[in-house]
Structure formats: structure tokens, C-alpha cells
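# Tertiary structure, described
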Amino acid sequence: MRRPHRLVPLLAAVPFAAALVAGCAGGGGVPGGPAATARPGSPGPGATPSGPAAVRVPGDTWETVDPSAVGLDPAKLEEIAHAAQQGKSNCLLVARDGRIAGEWYFKGSTPTTPQPVFSMTKSLTSTLVGIAQDDGDLRLDDSAATWVPQWKDTPAQAVTVRDLVSNDSGRQWSTTMDYHDLLAAPDKTAFAVALPQDRPPGEVWAYNNSAIQTLEQVLSGATGQEVGDFARERVFEPLGMKDSRMTTDRAGNTLTFIGLQTTCRDAARLGYLMLARGEWNGQRVVSGDWVTEATGRSSTELNAAYGYLWWLNREGVLAQPLAASDISAAGDPTTHHGQLVPTAPVDMYWAIGLGNQILQIDPGSGTVVVRLGSGEARPRPPTFGVADASRVVTEALVAN
């Protein structure tokens, strides 16, 4: 039987990611644009994120504050909120210093109205992998076949947990397979596990939903718990995410690639956990080392904009989803050099979901921004993407 875990006190959708990221870029945030605007002292590519020496996290109930009290321009925030409303948003939340500096709800949404956030789920799954590693239940360099016996003595045995969270596992991928067949499968874990290995790990980057769903079997096998229960006990309850839950497929498998339902306020709590490097009110939820590994540097040379299931603003080669069969002798035509939001700080990072579901974390300014909206497969203007969300830092921030 699995040992119980407690918090340890501290001692001192449907289209692929190319459409998703292009839509998220919003107002001018197209990869390959002008050079990044780096704040004084911000780290360069590959550096460890830096943030405030001490991060104040929300209490049991959120405190609200006038934006000017936390160094934000109220008029500029209202302008950004208007853009969010015009961009088909359901809610927008801006927080700094553990307090809400601005909060807007549209189309009947409320602070306690949960909604699907699609691939934002992946960043939560990343955090669960980090917790499992902290517990000693798995290691990133373990073969995933340790918990996926169907892969033993096959080419898939070479796939590590690290490969799965980096999206360079080489597991079979195609648009139809990942965005139709997987979604239609009653047992999504079984479907994902049964797919063949197309390429050796580390050769191809693909935004592979099926590969990430195999983490359901890895996590449940490693921790001895259903992933939804693990998320509730180790993240939702400690952080006070009272309106969040993980959904399952018809076979009862937690959906690790798409299953989170949450609110603007609850998603902001996850942002603060990351901003505080895994600490919550003196308790360790996930290690600071994991936060650094997941968000502080690119996880693969194949895509500078990707950590461990988090989107980064690092400059370099940007990859789009790719089936192995799409690679020609001439090379990979779906990569180019750039940055997700060239005007934003290089250490900013995001959880992003279908239809521009956004959780934005900026370590340098200590701000968290959440935007949730309709789940458009290919967002059409007017919309509100990560470049728009980054304006909270690049335009509305007036004092550090």
C-alpha cells in the first residue's frame, strides 16, 4: 500500500499547437519579431528565473487592492480589460503581491464559475510529475516503461518521463490521430499507450496530446493514486483551489492532457505556487528545483519556447507540431528562429490552452495574469492572447 504524504514544513480541443500559439500571440506577439525587451537584471536565455526574495501568496480568501497600491496603472488595466472583453473572454484577473489588483467577468461568468481550460492542464500535470519526483516515486530519467509494461522490450522502452514532459518522445503523432481519434477514444490512456513509436526520443518535437496522456498511467502507477485524487490532495486542497477538478474519460482515466476545469481565481493560485517556487504558507508543495527545471530553461534544443509542459519566452528555434512522416530530406520546414512574445521579458512563462486559456507568470515583476474564454479551435480576431496578457507587465507596470 502506498505511504501517505503530507506537506513538509520548510526549515528557514482540438487544433494543434501551431494554431494555438499563433492565436495566443495576439497583438503583435508573433514569433520571429523584433528583439526581446529585457528588464534590468532579467536573465538571458537558459538562465534560472529570478523573482522576489519573498512571495506573498493569497490567503484562504482573496484580498483585493487598488492597482496603484501595487505599482499598476489603473487606466491601463481598464484598457487591457476592455481588450479582453472585446476578445471573447469570460474572465480576466491581474494579481500582484498576493492580492487581486483587477478582476473582470463577462458573459455571465463569476469568480466561482469553473470552465474547461484544455491544455492548461498540461502545466498542472507537469507540477504533479514534479511532486512525484520530490516524493521519490519516479525520476525524470526513468524509462516510462517502468509503469507502462506494454512498452517493455519495444522501441518505446527508450522513452523517459523527461521525454514525455518535453514533448520530444518520438511517439506517433498526426493531426487526425491526436485531435480526432484520441478525443473519440473511450479509454484514452489505452489508446495513447498502444500507439507505435515513430522515432527515437529527442529527434522530433511534437505537441503530442496522446504522449502526454500516457503520463496518466505513469503517475498513477508511480504514486499508487488516481491522478485526479493526487491533484486534489497535493495541489487543489493545499492551495485552496476549491472550484477546480480533473475530469476523466469514459474508462475512468484522469485526462492529463486536457481535463482540468478551473476558475480565474483558482488558476491564479497555481500561478502563485510557481511564483513562490513551490512554497505555500510555509509548506512545501513542490520543490523549487522542479520549478526551475520546468520553467527556467528550454527542455529541448528542438523548441526554445518549451519547458516541462510550460510555454517559455526563450529566444531560439521555435517548433510547431510535427508528424515524423512530415520530415523531408530538406529538413524540418515547421521550425524557425524567434520568440513567442518578443516585447515581453525572457523569463515570463505561461500555461496555455485551446482558445487562449492563459495563466501568465512573470517572476521579475511578481505578477500573475489569468484570462479564460471560449474554446475556439482557431481563435479569430478579435481575440486576446499572450501578447495582450503580457501588456500588464510591459505597459501597465509603473513601479517595481
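Use the structure listed above.
These lines cover the structure that appears in this document, whether it is placed above or below. (Residues numbered from 1 in each chain as written. Predicted model: local features only at pLDDT ≥ 70, side-chain atom pairs only at ≥ 80, totals over all residues. Heavy atoms only, no water.)

### Focus on the sheet that holds strand β5 (residues 245-246)
We count it as follows: Pairing between strands requires that DSSP locate at least two bridges from one strand to the other. Strands here are runs of E lasting at least two residues and helices are runs of H or I lasting at least four, both read from the DSSP assignment and numbered beginning at the N terminus.
One open sheet accounts for 3 strands, arranged β4-β6-β5; its pairing is antiparallel. Looking at strand neighbours, the two that pair on one side only are β4 (115-116) and β5, the edges of this open sheet.

### What about the state of the cysteines?
Applicable threshold: Any cysteine sulfur atom paired with another within 2.5 Å is treated as part of a disulfide. Relative accessibility under 20% of the residue-type maximum defines a buried residue, over 50% an exposed one, and the middle range a partly exposed one, all with a 1.4 Å probe and only protein chains included.
Enumeration over the complete set of coordinates arrives at 1 disulfide. Disulfide pairing is shown between Cys-91 and Cys-264; the S-S distance is 2.3 Å. Judged by the sign of its S-S torsion, about 95°, the cystine formed by Cys-91 and Cys-264 is right-handed. Here Cys-91 is found in strand β2 (residues 89-96), whereas its partner Cys-264 is found in helix α9 (residues 264-275), with 173 residues between them in sequence. Note on Cys-264: relative accessible area 2%, which makes it buried.

### What to know about helix α8 (residues 227-239)
Just so we agree on the cut-off: By this rule, a helix spans an expected 1.5 Å times one less than how many residues it contains. What the bend at a residue measures is the angle between two axes, fitted to the seven residues ending there and to the seven starting there.
The first and last C-alpha atoms of α8 sit 17 Å apart over 13 residues, in line with the 18 Å expected at 1.5 Å per residue. Residue Glu-233 marks the point of greatest curvature in α8, where the axis turns by about 35°. All of the buried residues in α8 are Val-227, Gly-228, Phe-230, Ala-231, Arg-234, Val-235, Phe-236 and Leu-239. Gly-240 sits one or two residues past α8 and shows a positive phi near 75°.

### Quick word on the environment of Ala-192
To keep things clear, this is the line we draw: Contact criterion: two residues are considered in contact whenever any of their non-hydrogen atoms come within 4.5 Å of each other.
By secondary structure assignment, the location of Ala-192 is in helix α6 (residues 188-194). Of the residues examined, Ala-192 reaches a relative accessible area of 1% and is grouped as buried. Sequence-wise, Ala-192 and Asp-178 are 14 residues apart; in three dimensions their C-alpha atoms are separated by 9.1 Å. Non-local contacts of Ala-192, meaning those with residues more than four positions away in its chain, are made with Arg-171, Ser-210, Gln-213 and Thr-214.

### Remarks on the packing of helix α3 (residues 120-134) against α8
The relative placement of two packed helices is expressed as an angle between their axes plus a distance between the axes. Cut-off, in case you're wondering: Helix axes are fitted only over the stretch in contact, all axes being lines through C-alpha atoms; the angle between N-to-C directions runs from 0 to 180 degrees. Our angle categories are set so that under 35 degrees counts as roughly parallel, over 145 as roughly antiparallel, 65 to 115 as roughly perpendicular, and the remainder as oblique. Polar here means any residue outside two lists: the nonpolar Ala, Val, Leu, Ile, Met, Phe, Trp, Tyr, Cys and Pro, and the charged Asp, Glu, Lys and Arg; Gly therefore counts as polar.
Axis separation between α3 and α8 bottoms out at 11 Å; the angle between their running directions is 80°. Accordingly, the angle class assigned to the pair α3 and α8 is roughly perpendicular. Facing Leu-124, Leu-128, Ile-131 and Ala-132 of α3, the residues of α8 in contact are Val-227, Phe-230, Ala-231, Arg-234, Val-235 and Phe-236. Counted by class, the contact of α3 with α8 contains 9 nonpolar, no polar and 1 charged residues.

### Focus: the pattern of salt bridges
Condition: Salt bridges are defined as contacts in which a side-chain nitrogen from Lys or Arg sits within 4 Å of a carboxyl oxygen from Asp or Glu.
Tallied over the entire structure, the rule returns 18 salt bridges. A salt bridge links Arg-232 to Glu-233; the shortest N-O distance between them is 3.9 Å. By relative accessible area, Glu-233 is classed as partly exposed at 38%.

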